[in-house]
2 protein chains.
Amino acid sequence: MAASAPIKKTVYYGTFVHSKSLSELDICAKGAIGVDENGVIAFVERDVSDVANVIQKYGEWKDAEVVKIEDNGFFFPGFIDTHTHASQHANTGLFGKTTLLSWLETYTFPMESSLSSLSKASTVYSNFVSRTLSHGTTTCAYYATIHVPSTNLLADICLKRGQRALVGRVCMDTMSPDYYRDASVEAVIKDSKASIDYIRSIDPSGFIVKPILTPRFAPSCTASCMSALGALAKQTDAHIQTHISENKSEIALVKSLFPDSQSYTHVYDSADLLTPKTILAHAVHLTHAEVKIIKERGTKISHCPASNTALTSGCAPVRELLNAGLTVGLGTDVSGGFSPSILEECRQAIWVSRFRAMHDGDEAKLSTEEVLYLATRGGAQVVGMEDKVGGFEVGMEWDAQMICLGRVKKEGEQEGRFAGNVDLFGFETPEDKVNKWVYGGDDRNTERVWVRGRLVHKR
Amino acid sequence: MAASAPIKKTVYYGTFVHSKSLSELDICAKGAIGVDENGVIAFVERDVSDVANVIQKYGEWKDAEVVKIEDNGFFFPGFIDTHTHASQHANTGLFGKTTLLSWLETYTFPMESSLSSLSKASTVYSNFVSRTLSHGTTTCAYYATIHVPSTNLLADICLKRGQRALVGRVCMDTMSPDYYRDASVEAVIKDSKASIDYIRSIDPSGFIVKPILTPRFAPSCTASCMSALGALAKQTDAHIQTHISENKSEIALVKSLFPDSQSYTHVYDSADLLTPKTILAHAVHLTHAEVKIIKERGTKISHCPASNTALTSGCAPVRELLNAGLTVGLGTDVSGGFSPSILEECRQAIWVSRFRAMHDGDEAKLSTEEVLYLATRGGAQVVGMEDKVGGFEVGMEWDAQMICLGRVKKEGEQEGRFAGNVDLFGFETPEDKVNKWVYGGDDRNTERVWVRGRLVHKR
């Protein structure tokens, strides 16, 4: 398997950028990072005037490959997408006049249902994994559909392409269309186990793909279904993902469906679904009491600003969630979100924070540094991989993207081949380059992508 | 001159899409549009099963060129950018922690000042005109700088490239840095006249480039400067552009600078700057009384949502402005805005309207149809060209873009050469294709761009 076979020792040489803390980037202009045969970072050197000196210093690296980046670019950690629906990708951009609940009925359930066809699932999932990789996403938490074979196919595709993934078979045993629902709690558990077993069989190490239990959201699951999934999570030590508090009508619906529960959060908590390995997407309208429980459980949050804006769900109070000590990553939430790009999601997180700031004051604003942290280190914590990915430190693995920006010639056109919409005029500091990328970049700037030191995408 | 030399009669054949009204698109799946030697639309045929029949019907078109679009694309009117600063393009994406007034001091004035260098201006302006054309902008209202030679150079570049443009030499005789300001009212008028005269000399017809008087905004102009510009506008029948009511600190500043004026709008009105040929950018925080005056004067609004969000200026109440009868177009406002793309601005207008909707209710939401109207017909009204551009009708001129989207093969990759991030899976209706483009498209989907029937951009 490509993802575990040894690779050639490699030294990545040039500018690298990663998060030092939520509010600070570490921008190292002359760096050299050594990645060993297992894809693990063996050394990080700074102020390197000549890569030959580094290779000389580390004797056993004399035959290492050198990947150099020009001064119009930098190495950056791979992005982590903590919430997206691979199964909805073909609907991207289609909203009509809907909001969350009507959108599910009109667009989402029919599309997901159609992926019972393995042939269609193969087309859509292959395309989507290519897309997320091309945008620099090295780890992705995916929702598939209720169908075990096509869910497993998604895991196969991720493993083959070398993209780290949590792959979830969706569970929904109530309030769902007749043509697209689980027949019973027993069926939910049987199918969920089948998918867990399959995914663990194809990647026993879990280095690349892992299963994740996926109760769709409280309105789609009976209390007994959720409790059974809570028990299964404990029994199998599996990750869990679901949605919470996305939209006010949805919250009212949950209140009416679970009248004895104190809150949406309590519904999940009663079913033992809030664990340190649980990812809750959205969290737009949580009460303080709910935030407190989520914090106590060590449960993680996936902030999905593009989706929340497109569906008019609301503006999640990310600053408040962070101040309360919650762990937050970014999620593209395709196709509520309209882009598979975490870079786009960084921008959307900035916009949403500015809209909060218009009402709540400047403290609500997220900076470029902060959204990049959420997209990398934050996301790594959300998927429980913060020791392995999200930054460039010795002992972590080389999940990275090579970002290249376009240099403008005197005549006004970009040098060499067209490198997207970011134009460098020569005066830019390394920090300026990062900002130009965040505000104006796209997949054209992501020249190469590696996971565990293996090249998984190249333009 | 390329823009006026006769061209070959051409029939554009395939799907075309344009706005029928603010809320409705006209999507014609099998259309044929004949464009004559002057770039004027001579006929529009619908339900065309074979283009040969059309050519037979119009005898003198038998030698016409045929430009056919495949069913993964459509012809769409060229975009109209009603407000942008070509001179700030090199700063795109650079904001730091600033808002409007501090951003001007930190980033904007130093950059604009540096364009006194014709060599630098040539690089930046050539690059920016290429950019706006590549995003399908066929008409653009540009701010240059205070420098007459480089302002005139921008007009030269637009004329040479064939992009319709209003080109404005910026006027600012107070509260500006010593290194970047007009010396006196006399200097403002002399330099403004010089630029008007030059631009009218290079394109006497005004088919492609026209001058536009450009008092930067009230804080940068003395009352006598504005009055003199109001008089000059009358004398020369020139267009006018400026900023209004972008940010609350700016509004407070205007109030303190013009204590005898009832409002920001009154400041301009007292100087006779509010005419039917005036474009006011932003209009985020206008009072009802101000809206009423602007309506009475027939003055136009450029909505710049990307900039307003990025600088945390506020969310312009576009629905209210439209309901009050104002004429509204879209502006990219680079580099307050972070993209030269009006398609991006369409999305940003949707987001801003959703943020308004979160507080004001659903009526505030702008639909896909509405933002496309603002980007074309609305913009055409703002720049006073609604009889010529913005739609496809007999007698109008062929300012258009050819939009092509990517078809996904069974194996999951796009057919042919990479056509950007929009994926078509085969089930999409023409309306779906428009939505996928608006939500996920970029310059890669703009294959060709024409102004007055002349090809001005090709990927």
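Residues numbered from 1 in each chain as written. Chains lettered and ligands numbered in written order. Predicted model: local features only at pLDDT ≥ 70, side-chain atom pairs only at ≥ 80, totals over all residues. Heavy atoms only, no water.

Under an unreviewed UniProt entry, the name given to chain A is Guanine deaminase, and the source organism is Clohesyomyces aquaticus. The UniProt entry for chain A carries the following comment under Catalytic activity (unreviewed entry): "guanine + H2O + H(+) = xanthine + NH4(+)". In its Sequence similarities (unreviewed entry) section, UniProt records this for chain A: "Belongs to the metallo-dependent hydrolases superfamily. ATZ/TRZ family." (UniProt positions renumbered as here; feature names shortened; annotations may be inferred.)

S.K.: Can you break down the pattern of salt bridges residue by residue, with the values?
M.R.: Side-chain pairing between opposite charges can occur once the charged atoms of the two side chains come close. Counted under the stated rule, the structure contains 60 salt bridges over all chains. For B:Asp423, the salt bridge identified is with A:Arg131, shortest N-O distance 2.7 Å. Pair noted here: B:Asp423 is in strand S17 (residues 423-424) and A:Arg131 is in helix H3 (residues 118-134), and the two residues belong to different chains. Its relative accessible area of 4% is what places B:Asp423 among the buried residues. When the shortest N-O distance is used, the salt bridge between B:Arg319 and B:Glu370 registers 2.9 Å. Of this pair, B:Arg319 sits in helix H11 (residues 318-323) while B:Glu370 sits in helix H13 (residues 368-382), placing them 51 residues apart in sequence. A relative accessible area of 12% means that B:Arg319 is categorised as buried. (Salt bridge = Lys/Arg side-chain N within 4 Å of Asp/Glu carboxyl O. Helix = DSSP H or I, 4+ residues; strand = E, 2+ residues; numbered from the N terminus. Buried < 20%, exposed > 50% of the residue type's maximum accessible area, 1.4 Å probe, protein only.)

S.K.: Please provide a residue-by-residue account of helix H7 (residues 248-257) of chain B, values included.
M.R.: Residue and element names in this part refer to chain B. The complete set of buried residues in H7 reads Glu250, Leu253 and Val254. In an axial view of H7, the angular spread of the buried residues amounts to 100°, which keeps them on one side of the axis. Those residues of H7 that are exposed and aimed more than 90 degrees away from the buried face are Lys248, Lys255 and Ser256. Looking at the buried residues of H7, the elements they touch are helix H2 (100-114), strand S11 (239-244) and helix H8 (264-270). In this structure Asn247 caps H7, since a side-chain oxygen of it lies 2.7 Å from the backbone nitrogen of Ser249. (Arc of directions from axis to C-beta. Contact = heavy atoms within 4.5 Å. Polar contact = N/O pair within 3.5 Å; in protein donor to acceptor, adjacent residues only side chain to side chain.)

S.K.: Got a sec to walk through the nonpolar core? Specific residues and values, please.
M.R.: Among the nonpolar cores identified, the biggest contains 166 residues, and A:Tyr268, A:Trp437, B:Tyr268 and B:Trp437 are the most heavily contacted of them. Counting 30 residues, the second largest nonpolar core, distinct from the first, contains B:Val124, B:Leu154, B:Leu159 and B:Val167. (Core = buried A, V, L, I, M, F, W, Y, C linked by side-chain atoms within 4.5 Å.)

S.K.: Tell me about the relation of the copies chain A and chain B, and name the residues and values.
M.R.: Relative to chain B, chain A is turned by 180° and slid 0.0 Å along the rotation axis, the superposed coordinates differing by an RMSD of 0.0 Å. In symmetry terms, the pair is related by a two-fold rotation axis. In terms of C-alpha distance to the rotation axis, chain A has A:Phe355 as its closest residue, with the C-alpha 3.6 Å off the axis. Take the interface residues of chain A: 100% of them recur as interface residues in chain B, which is what a same-surface contact looks like. (Least-squares fit on C-alpha atoms with pLDDT ≥ 70 in both.)

S.K.: Quick one: what's the story with empty space enclosed by the protein, residue by residue and with numbers?
M.R.: For the structure shown, the criterion picks out 7 cavities of 30 Å³ or more. When its volume is computed, the largest cavity comes out at roughly 640 Å³. Taken together, the residues of the lining of the largest cavity sort by class into 8 nonpolar, 18 polar and 14 charged. (1 Å grid on protein atoms, 1.4 Å probe; cavity = no way out; pocket = protein on both sides within 12 Å on 5 of 7 lines; lining within 4 Å. Points joined across faces, edges and corners; volume = space filled by probe spheres on them. Nonpolar A, V, L, I, M, F, W, Y, C, P; charged D, E, K, R; others polar.)

S.K.: Account for the interface of chain A and chain B, naming residues and giving values.
M.R.: Counting residues at the interface gives 60 residues for chain A, matched by 60 residues for chain B. The contact between chain A and chain B buries some 4,500 Å² in all, and 56% of this surface belongs to carbon and sulfur atoms. Sorting the residues of chain A by area buried against chain B places A:Arg131, A:Phe355 and A:Tyr439 first, and these three jointly supply 12% of that buried surface. Seen at the junction of chain A and chain B, the total is 6 salt bridges. Put simply, B:Asp442 and A:Arg444 hold a salt bridge, and the shortest N to O gap is 3.7 Å. The interface formed by chain A and chain B holds 27 residue pairs in polar contact (both at pLDDT 80 or more) in total. (Buried area = accessible area lost by both parts, 1.4 Å probe.)

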